[in-house]
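# What the coordinates show
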Amino acid sequence: MEMMNDAPAAALADPQTFIRDEAHDQWRHLRAYRPVAWTPEPDGPGFWSVTRHGDGERVLRETSLFSSFEGTTLEANRWEDDPAAGKMLPLMTAPTHGELRRILLPYFSGRRLAALETEAAAFVGGLVEDCAAQGRFEVTDMLGTRIPTHIAFGLLGLPESDEAALLPTVRDTLSCDEEARTIADAELLLYIADVVDQRRRRPGDDAISAVVSAQLSVGKLEDEAVLLTVLNLMTAGLTTTRLAITGALHALITHEAQWRWLQTQPEVPGSAVEECLRWTSPAAAVVRTASGDAELGGQRVRIGQRIAVWIPSLNRDESVFDNAGHLRLDRSPNRHLGFGTGVHACLGMVLARLELRLLLDTIRRRWKHLESAGPVERLGSLVLQGIDRLPVRVASA
Ligand code: HEM
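Residues numbered from 1 in each chain as written. Predicted model: local features only at pLDDT ≥ 70, side-chain atom pairs only at ≥ 80, totals over all residues. Heavy atoms only, no water.

Attention now moves to the packing of helix H6 (residues 110-134) against helix H8 (residues 146-156). Where H6 meets H8, the closest approach of the two axes is 10 Å, and the angle between their N-to-C directions is 150°. Considering their axes alone, H6 and H8 lie roughly antiparallel with respect to each other. For the element pair H6 and H8, the recorded crossing hand is right-handed. Facing H6, whose interface residues are Leu113, Leu116, Glu119, Ala120, Phe123, Val124 and Leu127, H8 presents Arg146, Ile147, His150, Ile151, Gly154 and Leu155. (Axes fitted to C-alpha atoms, helices over the stretch in contact; angles between N-to-C directions. Helix = DSSP H or I, 4+ residues; strand = E, 2+ residues; numbered from the N terminus. Parallel < 35°, antiparallel > 145°, perpendicular 65-115°, else oblique. Left-handed = near helix turned anticlockwise from the far one by under 90°. Contact = heavy atoms within 4.5 Å.)

Right, dumping it as structure tokens:
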């Protein structure tokens, strides 16, 4: 009987499901038959999987019952308390979270970003030309890593001279090779620790200096929280946007009519950017911990249990999106939850949208043809999902 089939939920705890691109099959099954499903873990206590848009939206919004304090990924807070609990923006709770977020918001606002746009457009234009000159290249290396890194450097006021040297590290923070990932995480932490030190000595008008000097009702942030918050500000935007970029190009290759349509538009419609975000949904399981017993989608969730909100599944919920399994760049309305929702909704969404719009706009004007040039490799992670390697061939317009 469908109701008793535990396999689809259990498959979600296995990274191989993501490498083999089978997660959407499991999510579709769960949305239909077990929208809130207990998911056993081979090396952990297990968690609830939430796959419908409505339930997921509720979990993300009800912060008093579903807390992010103890961690927001399935990697954290498995058996023991996470040492980072409460120490970076996504893991902070009221009132500290709101106070720090209000201090940081201006640095990620449309106005701030407008000042970066001309330079960013020129940078993206140069990269897209380089790609066309190469003819055949790998998207994550050439675009997915470089664009978000360059823009993060500009936004955070980091020295341009460090950018090229840091690219391989940034590339490896999200890698299929676990050892490379561990080394890259450590290198990035060291780099950030150095930057934080410099900003303590010479503060500037940037988000890092704002974290260092933030005066909250609890006082200043302790050193470890400053470091983790700044590290999070940097990495949150790099890996997610990279997956959105690589995933968007893959979507255009596999939906040729949509690519042709985009090329005929006078400019990139906002709907195309939103549909790429819905389609790629880089954030996979966004996790909360129940701070009390709760009823959720007909199940009893107990205090202390973890709840994984599977964002890519919410974004393909057939009851919210017409033809949910089809890419439609003119989709409207599009209530995707790719950036989460509620008080922890993505701080960098204006930036991520800008990066995608610039890229789509440049390639649709400068590339005539875009096609696959080899097998795609996907990440095996429950935290972020998407394409790690995408070899392509392009021809200039
Ligand atoms: C396509 C790209 C991106 C996606 C899909 C994405 C997705 C998300 C999601 C789903 C959340 C909510 C997490 C939760 O509720 O626990 C989030 C939060 C956050 N994102 Fe993004 N993000 C993207 C780009 C960026 C960028 C460019 C930045 C720039 C720094 C950024 C910084 C953050 C921060 C700081 C938070 C925590 C906000 C808070 O807790 O108040 N993200 N993001």
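Another point: unusual backbone geometry. Cis geometry is found at the peptide bond from Ala94 to Pro95, where omega equals -5°. One can find Pro95 in the loop between strand S3 (66-67) and helix H5 (96-104). The omega torsion across Ser332 and Pro333 is 0°, close enough to zero to call that bond cis. Note on placement: Pro333 falls in the loop between helix H15 (311-314) and helix H16 (349-366). In this model, Asp21 sits at a positive phi of 60°, which is unusual for a non-glycine residue. Considering the arrangement of structural elements, one finds Asp21 in the loop between helix H2 (15-19) and helix H3 (23-33). On the accessibility criterion, Asp21 (40% relative accessible area) is partly exposed. (Buried < 20%, exposed > 50% of the residue type's maximum accessible area, 1.4 Å probe, protein only.)

Let's shift gears to the pairing of strand S8 (residues 306-310). Across a regular strand the side chains alternate sides, sitting on one face of the sheet and then on the other. Of all the five residues making up S8, five are buried; the element is thus mostly covered by neighbouring parts of the structure. The alternating pattern of S8 places Arg306, Ala308 and Trp310 and Ile307 and Val309 on opposite faces, both of which are buried. Across three bridges, the pairing between strand S2 (residues 47-50) and S8 is parallel. Counterpart to Ser49 in the pairing with S8 is Ala308. (Pairing = 2+ DSSP bridges.)

Let us look at the side chain of Arg199. Summarising the element assignment, Arg199 is placed in helix H10 (residues 178-201). When its relative accessible area of 9% is taken as the criterion, Arg199 is described as buried. Within the local environment of Arg199, its side chain forms a polar contact with the side chain of Asp206, the two groups lying 2.8 Å apart. Discounting chain neighbours no more than four positions away, the residues touching Arg199 are Leu156, Gly157, Leu158, Asp206, Ile208 and Ser209. (Polar contact = N/O pair within 3.5 Å; in protein donor to acceptor, adjacent residues only side chain to side chain.)

Quick look at the sheet that holds S3 now. Spatial strand order, S1-S2-S8-S5-S3: five strands in an open sheet with mixed pairing. What marks the edges here is a single partner per strand, and that holds for strand S1 (36-39) and S3. Where S3 and strand S5 (residues 285-290) come together, two bridges link them in antiparallel fashion. Bridge pairing in S5 links Phe66 to Ala290. Running at roughly 125° to S8, helix H4 (residues 53-61) makes contact with S1, S2, S3, S5 and S8 of the sheet.

In the region of the ligand, 29 residues are neighbours, and His97, Arg101, Arg288, His344 and Cys346 sit closest. A distance of 3.5 Å is found between an oxygen atom of the ligand and a backbone nitrogen or oxygen belonging to Pro90. For the shell around the ligand, the secondary-structure elements that each account for two or more residues are H5, helix H12 (223-254), S5 and H16. The element that contributes the greatest number of residues to the shell around the ligand is H12, accounting for seven residues. Here the residues of the shell around the ligand are counted per class, giving 17 nonpolar, 10 polar and two charged. (Near = heavy atom within 4 Å. Nonpolar A, V, L, I, M, F, W, Y, C, P; charged D, E, K, R; others polar.)

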